[in-house]
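Structure assessment
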Amino acid sequence: MSNSFDVIVIGAGIFGLATAAELAARRRRVAVIDRFGSGHPATSSTGRSRGIRIAYDHPFYVELALDAIHRWRALEKAGGRQILHLTGQVDFGLDTKLAAIASAVREAGGVIDELDAAGLRRKLPHLLTAPGDIGLFHAQAGTVLSDTGMAALKAKVLGDGVKLFEPERVIAIEPGNLTQVVTEKRRLEAGTVVVAAGPWTGALLATLDIHMPLAPSIAQVTFIAAQELVDRPGIGEWGGEGEGLGGVYGHPVPGIGYKLAFSTGQEGWVPDVDQWQPDYEEQARLFAWLDRRMPDFPRQVQLVQRHPWTMTPDGDFIVDRVGPVVLACGCSGHAFKFGPALGPLVADVVDGKPAHPLLRRDRPSLVGKKAAAGDAISR
Ligand SMILES: Cc1cc2nc3c(=O)[nH]c(=O)nc-3n(C[C@H](O)[C@H](O)[C@H](O)COP(=O)(O)OP(=O)(O)OC[C@H]3O[C@@H](n4cnc5c(N)ncnc54)[C@H](O)[C@@H]3O)c2cc1C
């Protein structure tokens, strides 16, 4: 087998698989290398479900989410398995954030409705409201069955002739006319190397003297066993723990019930831990939130999991080029939903197009800034 490719992608998480799928569709010879194996519990793109919404405060993400829904649907059709479970989403919390979301969704051609306190209660009967409370509802939201989505994307990549090496760790990248990628087992080469290594990206890039403000963080999710909730909308609370800080988000999970989590991760991610123990203090905080906001919500916990994500200082991803190396990283806790739609973003940069201004590595909101693992998802 040849060890030479047009593009080598490091990382088979959602960013890496989506990139490989798009490059293969563009007839490139592609190899993907993953240290743990795609979707492993140590990685970001693991687990049963992720929330999907078009409710974003920037039209770029609204359009990307609309595109993602079409692409997820195409993958469902190709593989014959359900990936999306769209029941809508209710957003509530900071008025300024809600106004920005409504405006961006409409600017991008999406549909979103304003709710008063009575409307909020109709959509979310568990939520305690006060007179004057407002919220938003949109239908193009709910749940991505992420493990099924990852499997569908992986099947597409393999079917399109991409070579996948996993589990296999990249230990060095040696840029040159043809960049060498050295793993524990072999040496491969390619004209372009995409680094989509999730929380491990910062360390890999540092070996090339590329320094990005990335902060890996560890985040917890709680699955509540409550089958009666599987047709309920998702929720997104903005600023629930104070101005500028995160709140609670959640979505239904077919076969289980409902998943709830804080949109704030914690310091303390360790690169070599591959199974994280639940943090019971955080679970107690989640139940205290339920006592305050949704006291009648069921509490039978089926599963608590912790996984890493990677914050940037401004909450936007980084998709840009440095010589032969393309960066696809800084998921900031909200990339999974975009799934296959991430592929064209990265493949365009591989093909020499300029990075999108929001995703450039030298955008003003990154230069000289530090990311914090304890920041909340801000987009
Ligand atoms: C708890 C939690 C809840 C979330 N909820 C949502 C949500 O509701 N909605 C949403 O849209 N997003 C959500 N996200 C975010 C989403 O899951 C991430 O943004 C996304 O999975 C990031 O994918 P990635 O490909 O960048 O990273 P990863 O999935 O981590 O992929 C990186 C890959 O690189 C590999 N790798 C690392 N180092 C090397 C090396 N040296 N050599 C070879 N391979 C290597 C790893 O094995 C890994 O598979 C959530 C994330 C978490 C953790």
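Residues numbered from 1 in each chain as written. Predicted model: local features only at pLDDT ≥ 70, side-chain atom pairs only at ≥ 80, totals over all residues. Heavy atoms only, no water.

Here the focus is the domain arrangement of the protein. Domain boundaries in the protein define domain 1 (4-46 + 147-213 + 313-359) and domain 2 (86-143 + 215-311). Using only C-alpha atoms to locate each centre, domain 1 and domain 2 end up separated by 29 Å. Opposite the 17 residues of domain 1 that make contact, domain 2 presents 13 residues. Between domain 1 and domain 2, the buried area comes to about 1,200 Å², and carbon and sulfur atoms account for 56% of it. There are 1 salt bridge connecting domain 1 and domain 2. Across the salt bridge formed by D272 and R35, the nearest N and O atoms sit 2.7 Å from each other. The tally of links between domain 1 and domain 2 comes to 6 residue pairs in polar contact (both at pLDDT 80 or more). Class assignment of the residues belonging to the side of domain 1 that touches domain 2 gives a composition of 8 nonpolar, 8 polar and 1 charged. (Domains from an automatic or database assignment. Contact = heavy atoms within 4.5 Å. Buried area = accessible area lost by both parts, 1.4 Å probe. Salt bridge = Lys/Arg side-chain N within 4 Å of Asp/Glu carboxyl O. Polar contact = N/O pair within 3.5 Å; in protein donor to acceptor, adjacent residues only side chain to side chain. Nonpolar A, V, L, I, M, F, W, Y, C, P; charged D, E, K, R; others polar.)

Bringing the environment of W289 into the picture now. By the element assignment, W289 lies in helix α7 (residues 280-293). Counting along the chain gives 287 residues from W289 to S2, while the straight-line C-alpha distance between them is 56 Å. (Helix = DSSP H or I, 4+ residues; strand = E, 2+ residues; numbered from the N terminus.)

Here the focus is the packing of helix α1 (residues 14-25) against helix α8 (residues 342-350). Close contact between α1 and α8 brings their axes to 7 Å; oriented N to C, the two are set at 65°. When the interaxial angle is binned, α1 and α8 end up roughly perpendicular. The handedness of the crossing between α1 and α8 is right-handed. On α8, the residues that touch I14, F15, A18, T19, E22 and L23 of α1 are L342, G343, P344, V346, A347 and V350. Classifying every residue of the contact of α1 with α8 by side-chain character gives 9 nonpolar, 2 polar and 1 charged. (Axes fitted to C-alpha atoms, helices over the stretch in contact; angles between N-to-C directions. Parallel < 35°, antiparallel > 145°, perpendicular 65-115°, else oblique. Left-handed = near helix turned anticlockwise from the far one by under 90°.)

The final tally for this structure, using the stated rule, is 22 salt bridges. Among the ionic pairs, K97 bridges to D57, the shortest N-O distance being 2.8 Å. Taken together, the positions of K97 in helix α3 (residues 95-107) and D57 in the loop between β3 (50-52) and α2 (59-79) put the pair 40 residues apart, joining distant regions of the chain. For D57, a relative accessible area of 22% corresponds to the partly exposed category. The residue D67 makes a salt bridge to R71 at a minimum N-O spacing of 3.1 Å. Here the residue D67 and the residue R71 both occupy positions in helix α2, the gap between them amounting to 4 residues, near one helical turn. Since its relative accessible area comes to 26%, D67 is described here as partly exposed. Among the residues examined, R71 registers a relative accessible area of 29% and is labelled partly exposed. Connected through salt bridges with shared partners, the residues E22, R26, R28, D348, D351 and K353 form a single ionic network. (Buried < 20%, exposed > 50% of the residue type's maximum accessible area, 1.4 Å probe, protein only.)

Bringing the sheet that holds strand β8 (residues 142-144) into the picture now. Taken in spatial order, the 3 strands make up an open sheet running β3-β8-β4, and their pairing is antiparallel. Since the sheet does not close on itself, it has two edges, and those belong to β3 and β4 (84-86), each with one partner. Shown here is a sheet whose adjacent strand axes are inclined to one another by a mean of 30°, direction ignored. Pairing analysis gives 3 bridges linking β4 to β8, with the strands arranged antiparallel. Paired with H85 across the bridge in β8 is T143. (Pairing = 2+ DSSP bridges.)

Once that is clear, we can look at the site of the ligand. In the vicinity of the ligand there are 36 residues, among which D34, R35, S45, G51 and K337 approach most closely. Taking G333, its main chain carries an N or O atom lying 3.3 Å from a nitrogen atom of the ligand. One of the side-chain nitrogen or oxygen atoms of K337 is found 2.8 Å away from an oxygen atom of the ligand. Starting from 1,000 Å² of accessible surface for the ligand in isolation, the protein chains cover 98%. (Near = heavy atom within 4 Å. Areas by Shrake-Rupley, 256 points an atom, 1.4 Å probe, with all protein chains shown as cover.)

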